[in-house]
Amino acid sequence: MIKLPERLLNLRLERNLSQKSLVNEMGLALNTYVRYERGEREPTASVLVRIADFYNVTTDYLLGRSDEKN
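My aim in this report is to walk through the structure given alongside it, one point at a time.

### Details of the side chain of Glu37
Reasoning step 1: Take Glu37: it is sitting in helix H3 (residues 30–38).
Reasoning step 2: Side-chain polar atoms of Glu37 contact the side chain of Gln19, separated by 2.9 Å.
Reasoning step 3: Once residues within four sequence positions are removed from consideration, Glu37 is found in contact with Pro5, Leu8, Leu9, Arg12 and Gln19.

### What to know about H3
In an α-helix there are 3.6 residues to a turn, and that puts residues three or four apart on one side.
Reasoning step 1: If you check which residues of H3 are buried, you get Thr32, Tyr33, Val34, Tyr36 and Glu37.
Reasoning step 2: The positive-phi residue at the C-terminal boundary of H3 is Gly39, with phi of around 80 degrees.

### Observations regarding the packing of helix H2 (residues 19–26) against H3
Reasoning step 1: Close contact between H2 and H3 brings their axes to 10 Å; oriented N to C, the two are set at 115 degrees. Note that H2 runs across H3; the crossing there is right-handed. When H2 is examined against H3, the residues Gln19, Lys20, Leu22 and Val23 are found in contact with a partner set consisting of Leu30, Tyr33, Val34 and Glu37.
Reasoning step 2: Across the contact of H2 with H3, the residue classes tally to five nonpolar, one polar and two charged.

The rules behind these values
- Residues numbered from 1 in each chain as written.
- Predicted model: local features only at pLDDT ≥ 70, side-chain atom pairs only at ≥ 80, totals over all residues.
- Heavy atoms only, no water.
- Helix = DSSP H or I, 4+ residues; strand = E, 2+ residues; numbered from the N terminus.
- Polar contact = N/O pair within 3.5 Å; in protein donor to acceptor, adjacent residues only side chain to side chain.
- Contact = heavy atoms within 4.5 Å.
- Buried < 20%, exposed > 50% of the residue type's maximum accessible area, 1.4 Å probe, protein only.
- Axes fitted to C-alpha atoms, helices over the stretch in contact; angles between N-to-C directions.
- Left-handed = near helix turned anticlockwise from the far one by under 90°.
- Nonpolar A, V, L, I, M, F, W, Y, C, P; charged D, E, K, R; others polar.

Okay, structure coming up:
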């Protein structure tokens, strides 16, 4: 799942969010989120949906199955 880390990073930077501010808003652990962006860990389905909802994109976009955000 190479696209996921890239897309998470790009979406966060598009909103000018630090990792810390993002996890505070989403209620995630910083260490865990950092590992998502590095590609060291994959989010569960429920966390993936929360991230997609936060960024107003589809899970398919996050996973690289589509280039359409909505």
